[in-house]
Amino acid sequence: MDARRAITLIDDLRSFVDGRRAEVARTSAAGVELLTRYRDGRLDELWLDHDLGGDDTIWPVVEVLEQAAFDDRPFNIGVVVVHSANPGGAARIALGLRRWGYRVRVASGCSDVGYDKGPPAS
């Protein structure tokens, strides 16, 4: 993989299982902050988890993306990958972002991301 590729993962628990290099945010607030660093640059892949645990969701990040597109300044993102255990939630995110011209791939159950030390205890 080209080390110059900019990849961001916003997920409260999971990481890339293949060890690929990515900037990771564990909350929506951290995700918004991380995303704004790419405001005038290029982000090759943006991976989003629908449910970030507790009362936190990915929607604040989605709102930043939508507002940028509404203002005719969408983020320069190669692909947004929505990986969620909630297919309905993932579909809603994809629908909204596609409406604003973002290229989106839904990857519910994707094996690219997994828990660092196995699934969390329930």
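These notes cover the structure that comes with them. Since we're looking at a predicted model, the values are computed, not measured.

Quick word on the overall build of the protein
- Each helix and strand counted, the protein has three helices and seven strands in total.
- From first element to last, N terminus to C terminus, the protein shows the α and β order β-β-β-α-β-α-β-α-β-β.
- The burial tally for the protein puts 44% of its 122 residues in the buried class.
- Only carbon and sulfur atoms are counted for the fraction: they give 50% of the accessible area of the protein, which is about 6,800 Å².

Some points on the packing of aromatic side chains
- Summed over the entire model, instances satisfying the criterion amount to one aromatic pair.
- Residues phenylalanine 70 and tryptophan 100 carry aromatic rings whose centres are separated by 6.0 Å and whose planes lie at 80° to one another, so their mutual orientation is edge-to-face. Placement of phenylalanine 70 in helix α2 (residues 59-70) and of tryptophan 100 in the loop between α3 (87-99) and β6 (104-106) is noted, with a sequence separation of 30 residues between them.
- Looking at tryptophan 100, the relative accessible area reads 27%, which means it is partly exposed.
- Here the basic side chain of arginine 39 rests over the ring of phenylalanine 75, its NZ or CZ set 4.3 Å away from the ring centre.

Considering the packing of helix α1 (residues 28-36) against α2
- Look at α1 against α2: their axes get within 8 Å of each other, and the N-to-C directions meet at 30°. When the axis of α1 is compared with that of α2, the two are roughly parallel. Residue-level contacts link Ser28, Gly31, Val32 and Leu35 of α1 to Pro60, Val61, Val64 and Leu65 of α2.
- Here the contact of α1 with α2 is built from residues that sort into six nonpolar, two polar and no charged.

Here we look at the side chain of aspartate 11
- In this fold, aspartate 11 is placed in the loop between β1 (7-10) and β2 (14-16).
- Not counting residues within four places of it along the chain, the set of residues in contact with aspartate 11 comprises Ala25, Arg26, Asp49, Leu52 and His83.

A few points about the nonpolar core
- Core analysis: the biggest nonpolar cluster contains 26 residues, and Leu46, Leu48, Leu65, Leu97 and Tyr102 have the highest contact counts within it.
- Every residue in contact with leucine 97, bar those within four places of it in the chain, is listed here: Leu48, Val62, Leu65, Glu66, Val80, Tyr102 and Val104.
- Within the second largest apolar cluster, six residues are counted, among which are Leu9, Trp47, Val81 and Ala107.

Quick word on the environment of leucine 34
- The residue leucine 34 is located in helix α1 in this model.
- Residue leucine 34 is classed as buried on the basis of its relative accessible area of 4%.
- Counting along the chain gives 11 residues from leucine 34 to glutamate 23, while the straight-line C-alpha distance between them is 8.1 Å.

Observations concerning the pattern of salt bridges
- Here the structure, examined in full by the defined rule, presents four salt bridges.
- Measuring nitrogen to oxygen at the nearest pair gives 3.1 Å for the salt bridge that ties glutamate 23 to arginine 37. In this pair, glutamate 23 sits in strand β3 (residues 23-25) while arginine 37 sits in the loop between α1 and β4 (42-48), placing the two residues 14 residues apart along the sequence.

Here is what the cut-offs are and how they apply
- Residues numbered from 1 in each chain as written.
- Predicted model: local features only at pLDDT ≥ 70, side-chain atom pairs only at ≥ 80, totals over all residues.
- Heavy atoms only, no water.
- Helix = DSSP H or I, 4+ residues; strand = E, 2+ residues; numbered from the N terminus.
- Buried < 20%, exposed > 50% of the residue type's maximum accessible area, 1.4 Å probe, protein only.
- Areas by Shrake-Rupley, 256 points an atom, 1.4 Å probe, with all protein chains shown as cover.
- Phe/Tyr/Trp six-rings, centres within 6.5 Å; stacked < 30°, edge-to-face > 60°.
- Lys NZ or Arg CZ within 6 Å of the ring centre and 35° of its normal.
- Axes fitted to C-alpha atoms, helices over the stretch in contact; angles between N-to-C directions.
- Parallel < 35°, antiparallel > 145°, perpendicular 65-115°, else oblique.
- Contact = heavy atoms within 4.5 Å.
- Nonpolar A, V, L, I, M, F, W, Y, C, P; charged D, E, K, R; others polar.
- Core = buried A, V, L, I, M, F, W, Y, C linked by side-chain atoms within 4.5 Å.
- Salt bridge = Lys/Arg side-chain N within 4 Å of Asp/Glu carboxyl O.

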